[in-house]
Amino acid sequence: MPEKQVFIAKQLKVVDGLKTEMVERLASLFRGLHEADDEAIVEHMAAMVLLHYALARRLGIPFYQLEEKMLEQIRRQKQLGHPLEEWYQDWSILEEYLAAGRIGE
């Protein structure tokens, strides 16, 4: 029984650490935006995406399920006529990118 309690405590600590790091990265991203530091902006945005995937996994959510839900939300935003879609087609471009599973394009 103590082994299970140690495992649960460790999992909670990891999840709390991920949440803390997400908040720190968000603050750093805002700082990068304020300073117009392109490298910092990309660095912190990429880190936040990775942290979201790691947190999903720690919570028992498979990556494919997270990505399927992302695609559902993109499609919903398109149907609702979100300004990013109407003005720039951002949701369509992202949907196409995610559906193709391409990296670096």
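Cut-offs applied
- Residues numbered from 1 in each chain as written.
- Predicted model: local features only at pLDDT ≥ 70, side-chain atom pairs only at ≥ 80, totals over all residues.
- Heavy atoms only, no water.
- Axes fitted to C-alpha atoms, helices over the stretch in contact; angles between N-to-C directions.
- Helix = DSSP H or I, 4+ residues; strand = E, 2+ residues; numbered from the N terminus.
- Parallel < 35°, antiparallel > 145°, perpendicular 65-115°, else oblique.
- Left-handed = near helix turned anticlockwise from the far one by under 90°.
- Contact = heavy atoms within 4.5 Å.
- Nonpolar A, V, L, I, M, F, W, Y, C, P; charged D, E, K, R; others polar.
- Buried < 20%, exposed > 50% of the residue type's maximum accessible area, 1.4 Å probe, protein only.

### Here's the deal with the packing of helix α1 (residues 2-35) against helix α2 (residues 38-58)
Here is step 1 of the chain: Between α1 and α2, the shortest axis-to-axis distance is 9 Å and the interhelical angle comes to 160°. Taken as axis vectors, α1 and α2 run roughly antiparallel relative to one another. The handedness of the crossing between α1 and α2 comes out as left-handed. Here Gln11, Val14, Val15, Leu18, Glu21, Met22, Arg25, Leu26, Ser28, Leu29, Gly32 and Leu33 of α1 lie close against α2, whose contacting residues are Ala40, Ile41, Glu43, His44, Met45, Ala47, Met48, Leu51, His52, Ala54, Leu55 and Arg58.
Here is step 2 of the chain: Here the contact of α1 with α2 is composed, by residue class, of 15 nonpolar, five polar and four charged.

### Looking at unusual backbone geometry
Here is step 1 of the chain: Phi angles above zero are rare outside glycine, and Ala36 is one such case at about 55°.
Here is step 2 of the chain: Counting through the fold element by element, Ala36 comes out in the loop between α1 and α2.
Here is step 3 of the chain: Take Ala36: its relative accessible area is 58%, and that puts it in the exposed class.
Here is step 4 of the chain: At Gln89, a residue that is not glycine, the phi angle is positive and equals roughly 60°.

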